[in-house]
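Summary of the model geometry
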Amino acid sequence: MSGKVRPVLLILAIIVILTLLNACSTTDGKSASSFASPAATDSPVSAITSAADISSIAEIPPALVTREFTLAASDVSFPAMVPSQLPAAPGGFIRRWGVYETAMVWAVDKPELENRLITGWEMDPDGLGWILELKQGVQFHGGWGEMTAEDFVWSFENEIKEGSIHSGIGLARANEASATAIDKYMVSVRLTRPNSFFFNAFFSNGAGASMKIFSKKRIETLGIDDAFLDLSGGTGPFVFKKWAQGEEVILESFGGYHGTPSQVTTVHILEIKETATQIAALKSGQVDASLVPAPLAKDLAKEPHLGTRSFGIPGSQRLYPQGQFCMETTLSGESLDPYPRPGYDPSKPWVGECGNPVSQENARLVRLAMSMAIDRQSIVDNLLGGFGRPSYLPEVLPPLLDTVWQDKWLIPYDVGAAKILLAEAGYPDGFDALVRITTGSHPLEIEMGQAVAQFLQALGGDIRTEVLTYSGNRPSVVARERSDLWFRSSSAGTAEPPELTQLRRNPENAFNPGLEIEEPLAIIRQMDTLMSEDQLNRIREQLYDAFRHNQWIIPVVLADQILGVNTDKILEWKMTTGSGYLGDFQNIKFK
């Protein structure tokens, strides 16, 4: 910095201090950082903190520029701070809360990836790998030093090692992925076969497989057991100050952050499980933001200091006709054990007898009839309060949905036509079924599941419902024991292509929704080796045609997430386009 500029910035800093001290003396004893007296957005503080070189604000006492933000959350389960032991949900917490980072991130204003921990990348000439150039000068929290290629390679290898529970382990192993440090800031990632999904899955922040970069030195120094509980080591704009399991998480801004500094200096994330209590906390000012159930959104927006809006990527609500276990081997020819699956029951109308074309066609007609009996728009209007849209393609979410959509995939609501299909399939009087509704993702999942059951009841027969937690239902799903109808809800989606995970629930996976059918998996395998977006979309159309025709999964609605926020305090909060969850606190701007 030149000798002429520094005195000017020093004068500005002094002006800011005097201005803030004067504010302190006129706010009935409240500090300038109190929620009751937020600084104006055009104040000198805002001007200085938005400058490219902010070193001069070190002369301003930190207490005078502190800005706090409090969020209500239904779950703050503690993560494992070791890559291979990090479950998917807590792994999402540490990423979207801005503590750990990925190589690239989705932009806030357009569905495109931007560099975060890298400055550039290049695909290898043979299409089997990439060279990534790491950003220099990125510091790990806790004094663990600068991020280098060694940290990147160690994080990658630990995430996909034997025994890892990382979401991307299957994709990495199927393609025999490996990473090598070329020099201090250059990494080579190689596959043994082309894969069109691998790059976005591992190096963006919008997928379950998103790879976060950990400090190798931290793990080697502390050891796995101590590192498991240690909160240091991220590279993001916030550091963990406290994590009290089931109570509260506190984040503080990281002074050595390599990117744009945050206006928010402290984030409190309070675990409040009951929706009514979250809303009460938002109304009273205990929290500044919270998720809001659709039925309460309009009333909440009437509060003079509160506002609501949809955000992120909507969550998929779907009906799984379980028991469709018709693969004796994997696509690679390996025999399944056990086979037949425990949940295979050909007497179920939506399952039919595997290997019998007539029986399978009748089962398809039953699934199509169920789909046509569901009034999706009614669920959106009457349960979601308009915060959502009908869903006709399973697991396909914006922005991809809006890019590829074709009207031929629409499923009409027509009970009369559905009954004709049932009669053709041999069920003129309908059929009996159990709809299992799992909880833990959306505040209206029970109501939506019961609405689906009522629509199916109109086809005849006895449709019963059973409500249980997702975790309570999962073991039977993993064991392939179910052949019921499963209404499953999701709170939010991601920019991850559905062909990467959600539609690729194959026999080898620990989990699938009661669907082991060769045709969609064979189509998806074709997509793996394509690198052109046009080629991908041509094969994608074949896949979506097959799902529309067969209704292996019955899509119901896409439910928006609704954010309630204190508009007296928060001016703006932009979130990345590729992640459907609350986060990006560094993008919050105060009034």
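A brief look at the structure comes next. Position numbers for residues start from 1 in each chain and track the written sequence from start to end. With pLDDT at 70 or above as the cut-off, local features in this predicted model cover only qualifying residues; side-chain atom pairs require 80 or more to be listed or tallied, and sums for whole chains, interfaces and linings still use all residues. Side-chain calculation: all heavy atoms of the structure are included, whereas hydrogens and water are not.

Looking at the overall build of the chain
Numbered from the N terminus, helices here are DSSP runs of H or I no shorter than four residues, and strands are runs of E no shorter than two. Along its length, the chain carries 18 helices and 21 strands. Looking at the chain residue by residue over its 591 residues, the buried ones come to 54%. Contacts between residues were defined by any pair of non-hydrogen atoms, one from each residue, lying within 4.5 Å. Contacts in the chain between residues far apart in sequence, at least 24 positions, make up 70% of those at least 6 positions apart. Carbon and sulfur atoms form 52% of the exposed surface of the chain, whose accessible area is close to 24,500 Å². Only protein chains enter the accessibility calculation, which uses a 1.4 Å probe; a residue is then buried when its area is under 20% of its type maximum, exposed when over 50%, and partly exposed in between. Only the protein chains shown count as cover for residues, and the accessible areas themselves come from Shrake-Rupley with a 1.4 Å probe.

Re the sheet that holds strand E6 (residues 178-183)
With antiparallel pairing, the 4 strands of this open sheet are ordered in space as E4-E5-E7-E6. Bordering the open sheet on either side are strand E4 (118-123) and E6, each of which pairs with just one other strand. Averaged over all pairs of adjacent strands, the angle between strand axes in this sheet comes to 20 degrees, irrespective of strand direction. Between any two strands, pairing holds if DSSP finds at least two bridges. Pairing geometry for E4 and strand E5 (residues 129-134), over 5 bridges, is antiparallel. Note on E5: the bridge partner recorded for Gly120 is Glu133. Simply put, an axis is a line fit to the C-alpha atoms, just over the touching stretch for a helix, and the angle between two N-to-C directions goes from 0 to 180 degrees. Relative to the sheet, helix H4 (residues 149-159) contacts E5, E6 and strand E7 (186-190), its axis offset from that of E6 by approximately 175 degrees.

Notes on the pattern of salt bridges
By salt bridge we mean one thing: a side-chain nitrogen of Lys or Arg within 4 Å of a carboxyl oxygen of Asp or Glu. Within the structure shown, the criterion is met by 26 salt bridges. Between Glu162 and Arg173 there is a salt bridge, with its nearest N and O atoms 3.2 Å apart. Of the two residues, Glu162 sits in the loop between H4 and helix H5 (169-174) while Arg173 sits in helix H5, which places them 11 residues apart along the sequence. The shortest N-O distance in the salt bridge between Arg482 and Asp484 comes to 2.3 Å. Among the residues examined, Asp484 registers a relative accessible area of 9% and is labelled buried.

Thoughts on the state of the cysteines
Throughout, disulfides are identified as pairs of cysteine sulfur atoms within 2.5 Å of each other. What the rule picks out here adds up to 1 disulfide. The side chain of Cys326 participates in a disulfide bridge whose partner is Cys354; the two sulfur atoms lie 1.8 Å from each other. On the sign convention where negative is left-handed, the bridge of Cys326 and Cys354, at about -75 degrees about the S-S bond, is left-handed. Residue Cys326 is found in the loop between strand E13 (324-325) and helix H11 (357-372), and its partner Cys354 is found in the loop between E13 and H11; the two are separated by 28 residues along the sequence. A relative accessible area of 25% places Cys326 in the partly exposed class. According to the relative accessible area criterion, Cys354 is buried, its value standing at 17%.

Examining the packing of aromatic side chains
Two rings from Phe, Tyr or Trp (for Trp, the six-membered ring) form a pair when their centres are within 6.5 Å of each other. A pair whose planes differ by under 30 degrees is stacked, one over 60 is edge-to-face, and the rest are tilted. Summed over all chains, the structure comprises 26 aromatic pairs. Note on Trp130 and Phe199: the rings are 5.6 Å apart at their centroids and 50 degrees apart in plane angle, and the pair reads as tilted. With Trp130 in strand E5 and Phe199 in helix H6 (residues 198-203), this residue pair connects regions lying 69 residues apart in the sequence. Residue class for Phe199 comes out buried when judged on its relative accessible area of 8%. Judged by centre distance (6.0 Å) and plane angle (65 degrees), the ring pair of Trp405 and Trp409 falls under edge-to-face.

Side note on the packing of H11 against helix H14 (residues 415-425)
For the pair H11 and H14, interaxial distance at closest approach is 8 Å and the crossing angle is 165 degrees. Here H11 is positioned roughly antiparallel relative to H14, judged by the angle of their axes. Once H11 is placed against H14, the crossing between them reads as left-handed. Residues Asn362, Leu365, Val366, Leu368, Ala369 and Met372 of H11 form the contact with H14, whose participating residues are Val415, Ala417, Ala418, Leu421, Leu422, Glu424 and Ala425. Throughout, the ten residues Ala, Val, Leu, Ile, Met, Phe, Trp, Tyr, Cys and Pro are labelled nonpolar, Asp, Glu, Lys and Arg are labelled charged, and all others, Gly among them, are labelled polar. Per-class residue counts for the contact of H11 with H14 are 11 nonpolar, 1 polar and 1 charged. The scheme is simple: roughly parallel for angles under 35 degrees, roughly antiparallel for over 145, roughly perpendicular for 65 to 115, oblique for anything else. The sense of a crossing depends on the near helix, which, turned anticlockwise from the far helix by less than a right angle, makes the crossing left-handed and, turned clockwise, makes it right-handed.

Digging into a nonpolar patch on the surface
Grouping into patches uses exposed residues only, defined as over 30% relative accessible area, and leaves out salt-bridged ones; the cut-off is 9 Å for like charges and 5 Å for nonpolar side chains (Val, Leu, Ile, Met, Phe, Trp, Tyr). Among the surface-exposed residues, Trp121, Met123 and Met531 lie close enough to one another that they form a single nonpolar patch of about 270 Å² accessible area. Mapped onto the fold, Met123 is located in strand E4. Look at Met123 and you get partly exposed, because its relative accessible area is 33%.

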